[in-house]
Amino acid sequence: MEDADAEATKSFVTAQNALSKPYFEQCPFREQIRDRLSAVWNYRKSDPPQKYGKYYFQYANDGLQDQNILYVQDALEGSNMNRRVLLDPNTLSEGGTVALTGTQSFSADGEIFAYGISVSGSDWRTVHFLNVSTGRTLDDVLIKVKFTNLVWKGNEGIFYGHFPDFEGNPEGSDTGTNENQKISYHRVGTAQSEDLIVVEFLDKPKNLVANMKLTRAEEYLIVTPDSSSDDGGAWGYNTVYYVDLAGNDPANWQTRPLVEQFNAGYNFLTDLNGILYFQTNLNAPRYKIVGIRLSSPDPASWTTLVEEDAQNVLYWAAPINGEYVLLNYLENVSSKLVLRSLIQGNTFSKTIDIEKGTVSSYAGKIDDSIIFIKFESHVVPNRIYKLDFATPVANIQLEVYENVDIEGFNPDLYLVKQVWYSSKDGTRVPMYVMHKKDLTLDGSTPAMLYGYGGFNINVLPEFSVRRIVFMDSFDGVAAIANMRGGGEFGNDWHVGGSLLNKQNVFDDFQAAAEYLIAENYTSASKMIIEGRSNGGLLVGTCVNQRPELYGAAIASVGVMDMLRFHKFTIGHSWVSEYGSSEDIVHFPNIYSYSPLHNIRFPATDGTQYPAVLVTTSDHDDRVVPSHSYKYTAELQHEIGSNENQTQPLLLRVETDAGHGAGSPISKLIDEQVDILSFLTEALDLSFEGQKAHGDGVNVRYSMITMLMTVSLALWFRRG
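Residues numbered from 1 in each chain as written. Predicted model: local features only at pLDDT ≥ 70, side-chain atom pairs only at ≥ 80, totals over all residues. Heavy atoms only, no water.

1. Brief notes about the confidence of the model for the protein chain
Detail in the predicted coordinates should be disregarded across regions flagged by low pLDDT. Considering every residue of the protein chain, the mean pLDDT works out to 90; 92% of them sit at 70 or more. Counted against residues more than four places away or in other chains, residues 696-707, with its pLDDT under 50, gives 23 contacts. (pLDDT = per-residue confidence, 0-100. Contact = heavy atoms within 4.5 Å.)

See the structure below:
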């Protein structure tokens, strides 16, 4: 199963999809679900406009286009803005399976656009170059590009990360380990074979340089390699190097260390008056901003511009208008904006009013006088704000630049609140809970609980079409738990849910489900848990540990085999988060919760596994699909073979798709239709007041399903 291209694996996938598809399709409300999802999804989506040279660039989607389109215009407003399509990814493939993702950058004058395209959701990128004025694609092509941003040096060329030694198939199905990433410089108009390697770490082949940035005068390239699995650093920790770009010959550029210890995370922001500013959690679990001079790099000589906040986490910082920096804090899992000065320091601080929700991204550079931010919440789908420094700084406030209304959707009909509950060890954990205001909470309603809990990743308020439809059409309760392992409350919160503390995450999630049941939001039979990637691991583990607590579980692209995850693609970089099966200290811990290795039928009479739907994609080269294949086969064999298991245990494999980024909207809708159809059948849910089944039809089908899946799983084991 670890060989995605093996004929036996392909046969297994085909048989599993042939098993799950009829189950989804028997849902009597399937087309109504699709119509409702499509209606809510059909709203304008846009990113903040970015300014390069004389142009403004903006991604936007009219509603149901598979991929967002890149537009260019000469002005922000007015009749002469000349808005036009620069690049429409929807024309690059049938079905929108070719996507533009985060690997892209504009030259300083805005005349050349370098962009990476992803095929079928793969993390691999092929970089192309487009002339903005003429719309002509240049001859330059860069291959084997992965886990990198693109950084322009003026208008001449780009720095990029790639794996030139990789000999596998860079299309998403190859599971070989990705090592020896190199940073090279490509001069526009030359062949990739002429590119010069600028940075490489021969003694640390697992290091990844996911982020690079130039200083304002382009004197130095700041490079921040992430911690590898064998250097003792924690997830998110990195070192800092700088490349001295003196002269125009890349052969003479020198790479020097600035921070050599993997003792914290460092994010380069900008430079001003000879000082390099970094956001860091060094001795500051909730982050601070420090200034470093290359002439005196010893930490004892660093200055602190923004001290660590006593309570709130500094999520990101955006330099703007020459001397200012917009700080986005997380205050109890919601954005708080503060404007500070790089020059005046503590003498200037201004809070920028914004409603409860998430400022998810921004567009603007330190030399720009306007910064745009993107805001969303659980009931606000897409809003772009503008902060214009033409207004005196003392009076500056956010102005709405773009707002979106969804036809037929009224946010005032929903109640969103944040609750706090106690985990197993007494730790207080926050959770957002939402539902229709007129919903009767008597324990009979279905509830969908989402969690992630890992990698210092913040799970923040966001607009989810599926949750809106679930609340509106199924009279459901939606909940999002902010467990330990994330970064919502700083580094200590993350550490409390990683490595040997990982069980805390599962305890936090189980306590969230118990809270929802105790407070009459739902019952165990109607409790649905869901998670993706590390969240898929969360779901798989919690189903094993507390099967009686849930009615259904959705585990998507999950890390299910904790003993072998580090052997495929980029899995080795997760060792600093999970530990390794090759480490005598960590092996007992990860084995104790590994979803694949802890599947046992409940010993308690009358208890079975909840309905489980496992989803993955055949081109996922981040969490390779063999995790889901092996887990499903073992689940069907060990649990499905028991006559007391009446709930379905199914696998859904998407074709020509990856880990999730860049997925076309049509595929996203198809997936959500199948998930909601599965839940309707498995839990006999009502859709807009109508019952799916009231006579046990779904239960009888499930028993037949189990017999089929057992035979299928055993066949594969023999094969």
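2. Structural notes on the pairing of strand S18 (residues 266-272)
Counted residue by residue, S18 has six buried out of seven residues, so it is predominantly covered. Sheet topology note: the S18/strand S19 (residues 275-280) ladder contains six bridges and is antiparallel. Across the sheet, Thr270 pairs through a bridge with Tyr277, a residue of S19. As consecutive antiparallel partners, S18 and S19 are separated by two residues, and within that stretch Asn273 has a phi angle of approximately 55 degrees, a positive value. (Buried < 20%, exposed > 50% of the residue type's maximum accessible area, 1.4 Å probe, protein only. Helix = DSSP H or I, 4+ residues; strand = E, 2+ residues; numbered from the N terminus. Pairing = 2+ DSSP bridges.)

3. Topic: the sheet that holds strand S24 (residues 335-341)
Read from one edge to the other, the open sheet built from four strands follows the order S22-S23-S24-S25, with strand pairing classed as antiparallel. What marks the edges here is a single partner per strand, and that holds for strand S22 (313-320) and strand S25 (345-352). Averaged over all adjacent pairs, the angle separating strand axes in this sheet is 25 degrees, with direction ignored. As paired strands, strand S23 (residues 324-330) and S24 are joined by seven bridges and run antiparallel to one another. Residue Leu330 lies in a different strand from S24, and its bridge partner there is Ser335. (Axes fitted to C-alpha atoms, helices over the stretch in contact; angles between N-to-C directions.)

4. Regarding the sheet that holds strand S17 (residues 254-259)
A sheet is described by the order of its strands in space; here four strands give the open sequence S14-S15-S16-S17, paired in antiparallel fashion. Each end of this open sheet is capped by a strand with a single partner; those strands are strand S14 (212-214) and S17. When strand polarity is set aside, the average angle formed by the axes of neighbouring strands in this sheet is 25 degrees. Judged from the three bridges that link them, S14 and strand S15 (residues 220-223) form a sheet pairing that is antiparallel. Looking across to S15, one finds that Leu214 is bridged to Leu221.

5. A word on the packing of helix H2 (residues 30-41) against helix H10 (residues 665-683)
Here H2 crosses H10 at 135 degrees, and the two axes come no closer than 9 Å. Judged by the inter-axis angle, H2 sits oblique to H10. In this structure, H2 meets H10 at a crossing whose hand is right-handed. Every residue of H10 that contacts H2 at Arg30, Ile33, Arg34, Leu37, Ser38 and Trp41 is listed here: Ile665, Leu668, Ile669, Asp670, Gln672, Val673, Asp674, Leu676, Ser677 and Thr680. Tallied by class, residues from the contact of H2 with H10 come to eight nonpolar, four polar and four charged. (Parallel < 35°, antiparallel > 145°, perpendicular 65-115°, else oblique. Left-handed = near helix turned anticlockwise from the far one by under 90°. Nonpolar A, V, L, I, M, F, W, Y, C, P; charged D, E, K, R; others polar.)

6. Overview of the packing of aromatic side chains
What the rule picks out here adds up to 37 aromatic pairs. Relative to Tyr629, the ring of Phe12 lies with its centre 6.0 Å away and its plane at 65 degrees, an arrangement referred to as edge-to-face. On the criterion of sequence distance, the pair formed by Phe12 in helix H1 (residues 7-25) and Tyr629 in helix H9 (residues 626-638) is long-range, its members being 617 residues apart. Taken as a pair, Phe12 and Tyr629 share a single burial class, namely buried. On the basis of an interplanar angle of 70 degrees and a centroid distance of 5.3 Å, the ring pair of Phe474 and Phe687 is categorised as edge-to-face. Residue Phe474 is located in the loop between helix H3 (465-473) and strand S33 (477-481), and its partner Phe687 is located in strand S38 (residues 686-687); the two are separated by 213 residues in the primary sequence. One residue, Arg83, lies across the ring of Tyr71, its end atom 4.1 Å from the ring centre. We note Arg467 situated over the ring of Tyr450; from NZ or CZ to the ring centre the distance is 5.4 Å. (Phe/Tyr/Trp six-rings, centres within 6.5 Å; stacked < 30°, edge-to-face > 60°. Lys NZ or Arg CZ within 6 Å of the ring centre and 35° of its normal.)

7. Section: the pattern of salt bridges
Applying the stated rule across the entire model yields 28 salt bridges. Put simply, Lys630 and Asp561 hold a salt bridge, and the shortest N to O gap is 2.7 Å. Here Lys630 is found in helix H9, whereas its partner Asp561 is found in the loop between strand S35 (552-556) and helix H7 (575-578), with 69 residues between them in sequence. A relative accessible area of 15% places Lys630 in the buried class. The residue Arg652 makes a salt bridge to Glu654 at a minimum N-O spacing of 3.4 Å. On the accessibility criterion, Arg652 (8% relative accessible area) is buried. Here the salt bridges share partners, and the residues they tie into one network are Arg30, Arg652, Glu654, Lys667 and Asp674. (Salt bridge = Lys/Arg side-chain N within 4 Å of Asp/Glu carboxyl O.)

8. Brief notes about H1
The terminal C-alpha atoms of H1 lie 27 Å apart, and with 19 residues this matches the ideal 27 Å at 1.5 Å per residue to within 8%. Every buried residue of H1 is listed here: Thr9, Phe12, Val13, Gln16, Leu19, Ser20, Tyr23 and Phe24. Down the axis, H1 shows its buried residues gathered within 135 degrees of arc, on one side only. Turned more than 90 degrees away from the buried face of H1 sit Glu7, Thr14 and Ala18, all of them exposed. (Expected span 1.5 Å × (residues − 1). Arc of directions from axis to C-beta.)

9. Thoughts on the nonpolar core
Looking at soluble globular proteins, one finds that nonpolar side chains tend to be buried together. Met431, Leu449, Ile529 and Leu679 are the most contacted members of the largest nonpolar core, which has 135 residues in total. Ranked by the residues each element gives to this core, the list is headed by H10, at nine residues. In this structure Leu679 touches Met448, Ile528, Ala552, Ile554, Asp684 and Leu685, once residues within four positions along its chain are discounted. Membership of the second largest hydrophobic core comes to 20 residues, among which are Ala318, Ile371, Leu387 and Ile396. (Core = buried A, V, L, I, M, F, W, Y, C linked by side-chain atoms within 4.5 Å.)

10. Remarks on unusual backbone geometry
One non-glycine residue, Leu499, lies in the positive phi region at around 50 degrees. Tracing the sequence through the fold places Leu499 in the loop between helix H4 (491-495) and helix H5 (503-518). By relative accessible area, which is 27% here, Leu499 ends up partly exposed. Notably, Glu688 is not glycine yet its phi reads approximately 50 degrees, a positive angle. Residue position: Glu688 is located in the loop between S38 and strand S39 (690-691). We classify Glu688 as partly exposed; its relative accessible area is 47%.

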